[in-house]
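Residue-level structural notes
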Amino acid sequence: MSHGLTLGQDVLDRLMPMHLCVAECGLIHSAGPTMRKLMPPDAQDVEDVFVEGRGAASGHVIGAIRAAKGGNRLALRLRHHRRLSLRGHVVAPGFGGLLLNFCFGVSLSEAVAVFGLTESDFAPSELALELMFLQEANRAVQQELARFNRHLMLARKDAEREAHTDALTGLLNRRGLQVAMQNAFEPQHGTPGFALAHLDLDNFKQVNDRMGHAAGDRLLVEVARVLTRTVRARDGVARIGGDEFVLILDGAWTCQALTDIGTRIIQGIEDVSPPDCNVSTSIGIVLSAGYSADAIDRMLEDADVALYRSKREGKGRVSIAPLPVAASPSSLQGLR
């Protein structure tokens, strides 16, 4: 035996706060309290509130609602907030009209933000807020993971920078020099090669012997400043141990241009020498033409040979190594 059940408006409002009661023609009879927050104040027809989910023209909303009576899910968008979609069901309860009940799908978070919805705007059995909480918790976790990954990446970069940096002078160390030379053999913007200069301080031992190792360290820091001031920002400057330094001078060079920059470096180092120590530098230079990225050690050895030629010939001077046999004479053309 069945009994008819009639629900008053207050019960509908509590159980289905996002419902609409509409006539077959689309005229709105009543709406739940949450639905009223979503509707324009002067809305009288479903066409005033919705557009069909596929963005169809006016007049198709009531058709979509009627079609959903067969058990199909209804998908509509708010006419004045088309980013917000609603999903729902339609039943014909027998009062000569249609009862629609909606919920938010993927638009839940945005709808809560746009309309200022709270827990009281949803049915007691509605899982919307719990789902939103999970969504926000997931977003918070994702943000925290992204922050952690950024910190990890920065820490890794700091560790790599520290591993490639000379602690005393802040220049590249031997490991950093190897990386810089590898990069120099893969020039950006078509830069044609580079020159490699190996420097060794003349009479540096006198500083340590007469004034102590702290004074020697201070002089090494001053030499580093001379070198970084003399070369360009895109050039590489390394201290590879003791009083030895290496420069990677980007671009094409002539012998005269290399001699000129070497002379400026020598003068700058002599200017910062402690009194009565006569510190200067001997420089050996090679051009990258004729070498390859897998011949870095040989290039450094050839620069070292040129350096000691400067030492033998009286110190405080620049020696440029001859090009390897495989190199083209045209490699010497052009200034930096």
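Coordinates for the structure precede this section.
Not measured: the values here are computed from a predicted model. (Residues numbered from 1 in each chain as written. Predicted model: local features only at pLDDT ≥ 70, side-chain atom pairs only at ≥ 80, totals over all residues. Heavy atoms only, no water.)

Here we come to the packing of aromatic side chains. This model, assessed by the stated rule, comprises two aromatic pairs. Consider the rings of Phe50 and Phe102, whose centres lie 5.2 Å apart with planes at 35 degrees: the pair is tilted. Here Phe102 lies in strand E6 (residues 97-104) and Phe50 lies in strand E3 (residues 50-52), a separation of 52 residues in the sequence. For Phe102, a relative accessible area of 4% corresponds to the buried category. (Phe/Tyr/Trp six-rings, centres within 6.5 Å; stacked < 30°, edge-to-face > 60°. Helix = DSSP H or I, 4+ residues; strand = E, 2+ residues; numbered from the N terminus. Buried < 20%, exposed > 50% of the residue type's maximum accessible area, 1.4 Å probe, protein only.)

So, on to the pairing of strand E2 (residues 28-31). With three bridges joining them, strand E1 (residues 19-23) and E2 adopt antiparallel strand pairing. Of the residues in E2, the one forming a bridge with Val22 is Ile28. In this structure, the hairpin formed by E1 and E2 is closed by a connection of four residues, where Gly26 is found at a positive phi of approximately 105 degrees. (Pairing = 2+ DSSP bridges.)

Turning our attention to unusual backbone geometry. At Asn203, a residue that is not glycine, the phi angle is positive and equals roughly 65 degrees. One non-glycine residue, Asn278, lies in positive phi territory at about 55 degrees. Relative to the helices and strands, Asn278 resides in the loop between helix H10 (255-271) and strand E10 (280-287).

With that settled, the discussion passes to the nonpolar core. Side chains of a nonpolar character, in soluble globular proteins, are inclined to be buried together. Core analysis: the largest hydrophobic core is formed by 33 residues, its most contacted members being Leu20, Met35, Phe50, Ile65 and Phe102. Leave out the neighbours within four places in its chain, and Phe102 touches Met18, Leu20, Met35, Phe50, Leu74, Leu76, Leu86, Arg87 and Gly88. Ala195, Leu199, Leu220 and Phe245 belong to the second-largest nonpolar core, a separate cluster that totals 32 residues. (Core = buried A, V, L, I, M, F, W, Y, C linked by side-chain atoms within 4.5 Å. Contact = heavy atoms within 4.5 Å.)

With that settled, the discussion passes to the pattern of salt bridges. Close approach of charged atoms allows side chains with opposite charge to pair. Within the structure shown, the criterion is met by 13 salt bridges. For the salt bridge of Lys311 with Asp202, the shortest nitrogen-to-oxygen distance reads 2.6 Å. With Lys311 in helix H11 (residues 296-312) and Asp202 in strand E7 (residues 194-202), this residue pair connects regions lying 109 residues apart in the sequence. Like Asp202, Lys311 is buried. (Salt bridge = Lys/Arg side-chain N within 4 Å of Asp/Glu carboxyl O.)

Where helix H7 (residues 174-184) contacts H11, the two axes come as close as 11 Å, and the packing angle between them is 105 degrees. For the element pair H7 / H11, the angle class is roughly perpendicular. Counted together, Leu177, Gln178, Met181 and Gln182 of H7 and Ile296, Asp297, Met299 and Leu300 of H11 form the full contact between these two elements. For the contact of H7 with H11, the residue count by class is five nonpolar, two polar and one charged. (Axes fitted to C-alpha atoms, helices over the stretch in contact; angles between N-to-C directions. Parallel < 35°, antiparallel > 145°, perpendicular 65-115°, else oblique. Nonpolar A, V, L, I, M, F, W, Y, C, P; charged D, E, K, R; others polar.)

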